[in-house]
Every structure is written in structure tokens, then in C-alpha cells.
Amino acid sequence: MSRVYTLDDLPMADFAVIGDPVRHSKSPAMHHAAYDALGLPYRYVAVHVAPGRVAEALERMREMGYRGVNVTVPHKAEALAWASQPDSLASRIGAANTLDLRTGRAWNTDAPGFMDTLADLGLRSPYRAVVLGAGGSARALVAALSDEAGVEVAVWNRTRDRAERMVQELAPGAQVLDRPDLTDADLVVNATSTGLSGIELDLDFASTPPDALAYDLAYGSEPTAFERQAASVGRRHTDGRGLLAAQGARAFEHWLGIPAPKAVMLRAIT
Ligand code: NDP
């Protein structure tokens, strides 16, 4: 685990991830693996920033010569508000996770990064996707999935109102489920924060096709409870490391304009 800095001891660096908490972020190790592989001289650090201080942090980093910043929970909306040139997807989702401090540009790389991982896993439309959750990451995924031709999207959230609002704003064609019904789902995504808590949602993976994919956004040293539920009836499953690498690779490419060494980045976090 790399050292975490604060606004009081900001080091000289080129790139950073900011969050609260940010201690467990694997982004510094992942980006340094990419720099090492390509012989690039950059430094990427993790910085703890409290809510309400994002704009101040970004301005200070910009003055110190930082080029780009990744943004994690809970700062993605504040980061979007700071940006002078947000891209249309980030504006629509209401969250930016990649900033160019020199230009004020901002992107959401979670949404396209997620779709990159589905392509890598061999999922091709048409298919039916059930997304569990309606928080920040679910918004990115639902926007991305609903933009894809041939993908039927259904959403379940513990708080139904929130799922309804999300669908209205981002994906009017998507269905809101009363319960987490997985019938005929080719893709089931766990975008709730139950991932690492061991909480088991009431999911019947046996009602999915045999080649369905169970995708948990969370990741840890062991498979999550959600992955174990899918595995117990023989369904293939994956955790959130692929997404972490894919969104990081897209951030790298926005900042540096050269192809990211994706396999190296994924290896650095597995
Ligand atoms: P948010 O806090 O924004 O949303 C949490 C969601 O989980 C809400 O939909 C909430 O429902 C639901 N939830 C919380 N507790 C329960 C429960 N006991 N039962 C059912 N639903 C519950 O979280 P994020 O969207 O930021 O993150 C979600 C997950 O995705 C986390 O595990 C996070 O680590 C992971 N993630 C991984 C990334 C990666 O790169 N791999 C990137 C981003 C996130 P309600 O609305 O009812 O409160």
C-alpha cells in the first residue's frame, strides 16, 4: 500500500487520485506499473481530501504542476462541478473521475471502461442486463449499457424511488424491478455496496442462462458473496479489478495521448 498524502503535505508529483477514504486505492501502483513498463518518468500519488475541499485541492495541485487527477468516492460530483470542460457523458451521469488540470477537461471513464471489460469478457449484444443498485457507479453503468444497441436493461435497488429517478434521468427505456429478478439475465451486475460486507442479496442465479456472467464491481482478496452465489450454480463470475484497470487505462490515455499498457495495469492489481 502506498503512502497517503493530505493537503497539508502535498508532494511534487504529476498525477494523483483523491478520495475519502483513499488509503486502499490501488491506482498509484497500477499507474506506476504502466510508467515503469513504458519508461515514463511520472509520479502518481494518493491524496486524502475531505468533502467540500475538492476545488481547493484541485487548484492547489494545478498550481504545483500536477497534470491530471483521478477522483474516487465521494468526490466525483464535486470534481464535475470544478471542471470547465466536462464531456457530455460525465455531465449526463453527474460524475467525473478523470480530470486534466491543465485544460479543465473532465471525463467519466467508469462507463466506457465497464463496456471495455464486457467486450474483453466476450459479451456481445443483444443481451439482457440486470443492474443491482442505483448509487454512483450504477449510474455510470446504466448510462453506458442503455446507450448500447441491443441491450435490454433492468434495474433493482433496495430503495425503489432512487432506481426510478435514475432510470428517468439516464435510461428511460430501462425497466425498474420490484425484486432482484434474474430471469433470463445474460449479465448481472452487483453495483451495490454489499460487495465486501458478506451480505447475501436474495438472488436466484439458477434462473439465468447457463452462460450468464455475474459481475461484482467490488473486489478483495477472496471472491465476494455475490460471486460465490453465482459460482454455486456454475455461473461464470468476475470482480471489479477489470473495471479498475479499464477506467485507469482510459484515464492514462486521456492524459498522455498514447496507448496504455492495459495488461501491465491489470497485472499490477491482481
Ligand atoms: P454508493 O454508495 O453510491 O451506492 C450504494 C448502493 O448500494 C445503493 O444502491 C444502495 O442502495 C445499495 N446498498 C447498500 N447497502 C445495501 C444492502 N444492504 N442491500 C442492498 N443494497 C444496498 O456506492 P458506489 O456506487 O460508489 O459503489 C458501489 C460498489 O461498487 C462498491 O462496492 C464499490 O467499491 C464498487 N466500485 C468499484 C469500482 C471499480 O473500479 N471496481 C468503481 C466504483 C465502485 P440504497 O439506494 O437503497 O441505499
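Data block above holds the structure.
These figures come from a predicted structure and were not determined experimentally. (Residues numbered from 1 in each chain as written. Predicted model: local features only at pLDDT ≥ 70, side-chain atom pairs only at ≥ 80, totals over all residues. Heavy atoms only, no water.)

Can you walk me through the nonpolar core in this structure?
Across soluble globular proteins, nonpolar side chains have a tendency to be buried as a group. In this structure, F114, L118, Y127, L145, L187, Y215 and L217 are the most contacted members of the largest nonpolar core, which totals 36 residues. Elements supplying a minimum of two residues to this core: α4 (88-93), α5 (110-120), β8 (127-132), α6 (136-147), β9 (151-156), α7 (160-170), β11 (187-190) and β12 (213-216). In this structure Y127 touches M115, L118, L145, G150, V151, E152, D186 and L187, once residues within four positions along its chain are discounted. With 25 residues, the next largest nonpolar core counts V47, V69, A79 and L101 among its residues. (Core = buried A, V, L, I, M, F, W, Y, C linked by side-chain atoms within 4.5 Å. Buried < 20%, exposed > 50% of the residue type's maximum accessible area, 1.4 Å probe, protein only. Helix = DSSP H or I, 4+ residues; strand = E, 2+ residues; numbered from the N terminus. Contact = heavy atoms within 4.5 Å.)

It is not clear to me how the side chain of R139 should be interpreted in this structure. Could you clarify?
Within the secondary structure layout, R139 lies in helix α6. Excluding residues that lie within four positions of it along the chain, R139 makes contacts with R92, I93, A134, M166, E169 and L170.

For this particular structure, what's the right way to read the pairing of β8?
A regular strand places its side chains so that they alternate between the two faces of the sheet. Across the six residues that make up β8, a large majority, six, are buried. Residues Y127, A129 and V131 line one face of β8 and the alternating positions R128, V130 and L132 line the opposite face, and both faces are buried. Relative to β9, β8 runs parallel, the two being bridged by six bridges. Its bridge partner being in β9, Y127 is matched across the sheet by V151. With four bridges joining them, β8 and β11 adopt parallel strand pairing. Bridging across to β11, A129 finds its partner in L187. (Pairing = 2+ DSSP bridges.)

Whenever I open this one, the pairing of β12 confuses me. Can you help?
Burial of the side chains of β12 extends over both faces: L213 and Y215 are buried on one face and A214 and D216 on the other. Strand direction decides the pairing type here: β12 and strand β13 (residues 236-238), joined by three bridges, are parallel. Following the sheet pairing, Y215 is matched in β13 by T238. Read from β12 through helix α8 (residues 225-231) to β13, the crossover connection turns out right-handed. (Right-handed = clockwise from strand over helix to strand, strands pointing away.)

Interpretation in functional terms is not warranted from these geometric data alone.
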